[in-house]
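Observations on chain architecture
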Amino acid sequence: MTSDLLFELGCEELPPGSLQTMAAELGQRLTDGLRELGIDQGDARVFATPRRLAVLIRDVAERQPDRDIERRGPSTRAPDKAVAGFARSCGVAVDALETLDTDKGPYYLYRGRETGQPLAEILPPLITDSVRKLTTPKRMRWGNLDARLLRPVQWLVCLHGETVIPVELFGLCAGRLTHAHRFHAPEPVALAAAGDYEMTLFDHQVIASFEERRKIVTQQVTRTAERTGGAAQLDAELVDEVTALVEWPVAISGSIDERFMNMPPEVLITTIESHQRYFPVRDAAGGLLPRFVTVANVESLDMSQVIAGNERVVRPRLDDALFFWNKDRKQPLADYVQRLDDVTFQKGLGSYADKTKRLEALASSLADSLGDDAQQARRAATLSKADLVTDMVFEFTELEGLVGGYYARESGEPEAVAAAIAEHYQPRGPSDAIPATPIGRALALADKFDTLAGQFALGNRPSGDRDPLGLRRAALGVLRILLEARISLDLLTASQAAIAAQPAPVEDDDTANALLGFFQDRLRGLLAEQGVSPDVFEAVAALELTDPLDIQARCQAVLAFRPTPAAASLAAAHKRVRNILKKSPPDAGNIDPALFDADAERAMLDTLDGLGEAVASQVAAGDYAQALERLASLQAPVDQFFEDVMVMADDDAVRRNRLRLLARLDVLLRQVADFSHLSG
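First, a word on scope: everything that follows refers to the structure included in this document. All chains use their own residue numbering, which begins from 1 and follows the written sequence. Only residues with pLDDT of 70 or above have their local features reported here, since the model is predicted, and side-chain atom pairs are shown and tallied only from 80 upward, although totals for entire chains, interfaces and linings are computed over all residues. Excluded from the side-chain calculations are hydrogens and water; all other atoms, namely the structure's heavy atoms, are used.

This part is about the side chain of R441. Within the element layout of this structure, R441 appears in helix 14 (residues 438-458). Whether a residue is buried, partly exposed or exposed follows from its accessible area with a 1.4 Å probe, protein chains only, as a fraction of its type maximum: under 20%, in between, or over 50%, in that order. When charges are counted, Lys and Arg are positive and Asp and Glu negative, with His and the chain ends excluded. Salt bridges are counted wherever a side-chain nitrogen of Lys or Arg sits within 4 Å of a carboxyl oxygen of Asp or Glu. At 6.3 Å, D372 is the nearest oppositely charged side chain to R441, a buried residue that forms no salt bridge. In this structure R441 touches I434, P435, A436, I481, A485 and I487, once residues within four positions along its chain are discounted. Secondary structure counts use DSSP, requiring at least four H or I residues in a row for a helix and at least two E residues in a row for a strand, with both numbered from the N terminus. By the convention used here, residues are in contact when the closest approach between their heavy atoms is within 4.5 Å.

What follows is the structure, given as structure tokens:
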């Protein structure tokens, strides 16, 4: 017999950032645990609101199935005491044991049938273990309990069908009483059966499903904004955060005083989104309207009071921002630069003034090599960190760079300089765009190279999943700028220049190579997202190239070439060639046709002579697809060579001549990629 199984963990308000992951993990632990215990089960759903984590599993069996078991005991030659002990552990007499013939002789064997345990006996330990192993950012204690969790637990529910399973946790015993909406339904609510959970809570103003609440939040915010004559700016992370903060979402709109609308839109959006968790509203042209939408957790009888309260809360924050905006602009952005001497960038790497000097040299050098205006790049670098000592960025740190761009324009700086300052932190994450302007890209590259070089020089290199300094993000930012903007750049040369400018003593002579390897690891993942398989990447990486754009182009060409019959044949042949040359390295002598004694040797040399210059020319032009097409003509002569020729001939001169021929084939095959790394 099966019934639905419900477990609910009722807590004080859980942090929104942990809600979904904790619910998903709890569901996974319970379903996996039941499976390991042999309990039949159906589909599972997890629920998460600010005050609860819950798992509902359909059609859970009421007990484990009976099962046949076999246990091998001691040898039949073992002492009687050992045999009796084994029989006793199996719950039978020695006479009931069977014997099993093995290659080591006969052994005692117990065969029996184990009765499955009831769910009510095996579930409490599973739930207790699952809750205690939940991954949480922090744990706290409350009362006089030794047990810990992210927030104090207030109630427990555990039902199998209509039957309560009395799980004990955190000094509480599970029952059938849950708690619904804190204000709309403050009294405990009894659940008749596990399957009634979601509907019972809904009837008491709680939408238990996170996914359903997210849909409702999105729909309500969208419609509410439309009623104000605009469109809501729906940031996905903000939608998730708001969903995690409410149990019964009710979207409402409020207004913003017109006097705040002259500030940059980023200032308004940061105040509204990040600090208040409100949704900005834009007009048809994309400009900000003096409106916002927020989501309440209650249906008030007087919504005007709720709206007024939200407007009253946001006004002081906007007042602060307006004050900073007006105060900061009383002096040019350049006047703030001198204050960077007093701000430490990082111990061992000097002040922000020192970093600025390094950026000036790096940005101007990069701009010059990329054919951009080096002078403007230097000026942008000079001013790039000046906004860090403004009041606006001190209060709203996420606006660094953006505020500097506005202040640069207000100070009369060229648009290219102002835009570069605003863009140079981009991309700030995987969903952020790269800088749109050439000077912005040069400055962004310089900033990220300087950060990476400084940390690698200090020996602060990420290990495992830890990356508190955001070095992986910085490296990915460099790679994305180069690939998406189609910029050809030697990573090793740029890394060496950035490292040489650091005040920190270089930890070892291989710092630049270590940084290059760090870039390569990030590039491997980035190209994998574009469909480049690991073996294709390794085939190109084996050439030890240092230009990401060139590596990407080669990978794409090899990826297109790989399904052809020639690719499989050449990969197999190249593996064979590399293995032979590894065991018997060739000397530096020339190939002597007079030592050939097979037509296949002559055909191989003729093919290599005919292809070498043409393939090299196409590789130099970056036409890797055509180069691979030419290399495909090697298939027949290479196959014939290995069919007709014994490379390791008895004659020493003939053997060395054939190894030289293979060495030349190896060089030609490695013009685009190392085929020996291709699988299949």
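Take the residue count of a helix, subtract one, and multiply by 1.5 Å to get its expected span. Between the first and last C-alpha of helix 5 (residues 210-227) there are 26 Å, a value that for 18 residues agrees with the 26 Å anticipated at 1.5 Å per step. Taken together, the buried positions of helix 5 are F210, R213, I216, V217, V221, T224 and A225. For helix 5, the buried positions fall inside an angular range of 150° around the axis, keeping them on one side. With respect to the buried face of helix 5, the exposed residues turned more than 90 degrees away are E226 and R227. Its side-chain oxygen placed 3.4 Å from the backbone nitrogen of E211, S209 serves as the N-cap of helix 5. A positive backbone phi angle near 95° is found at G229, which sits one or two residues after helix 5. Throughout, the arc means that of the directions going from the helix axis to the C-beta atoms. Any pair of nitrogen or oxygen atoms within 3.5 Å is treated as a polar contact; in protein, a donor-acceptor pairing is required on top of that, and neighbouring residues in sequence qualify only through side-chain atoms on both sides.

A few words on the packing of helix 21 (residues 599-620) against helix 22 (residues 624-631). Axes here refer to lines fitted to C-alpha atoms; in helices the fit is confined to the stretch in contact. Angles between the N-to-C directions go from 0 to 180 degrees. The geometry of helix 21 relative to helix 22 is characterised by a closest axis approach of 8 Å and an angle of 160° between their N-to-C directions. On the basis of the axis angle, helix 21 is roughly antiparallel to helix 22. Crossing hand, helix 21 versus helix 22: left-handed. For the pair formed by helix 21 and helix 22, the contact residues are L611, A614, V615, Q618 and V619 on the first element and Y624, Q626, A627, R630 and L631 on the second. Residue composition of the contact of helix 21 with helix 22, grouped by class: seven nonpolar, two polar and one charged. Roughly parallel here means an angle under 35 degrees, roughly antiparallel means over 145, roughly perpendicular means 65 to 115, and every remaining angle is called oblique. Rotating anticlockwise by less than a right angle from the far helix to the near helix defines a left-handed crossing, while the corresponding clockwise rotation defines a right-handed one. Ten residues, namely Ala, Val, Leu, Ile, Met, Phe, Trp, Tyr, Cys and Pro, are considered nonpolar, four, namely Asp, Glu, Lys and Arg, are considered charged, and the remaining ones, Gly among them, are considered polar.

So, about unusual backbone geometry. Following Q426, the chain continues to P427 via a peptide bond in cis, the omega torsion being -10°. Mapped onto the fold, P427 is located in the loop between helix 13 (415-423) and helix 14.

This brings us to the state of the cysteines. Cysteine sulfur atoms are paired as a disulfide whenever they fall within 2.5 Å. As enumerated under the stated definition, the model contains zero disulfides in all. Unpaired in this structure, C158 has its nearest cysteine sulfur neighbour in C173, at a distance of 9.7 Å. Residue classification places C158 among the buried residues on the basis of a relative accessible area of 0%. The class of C173 is partly exposed, set by a relative accessible area of 46%.

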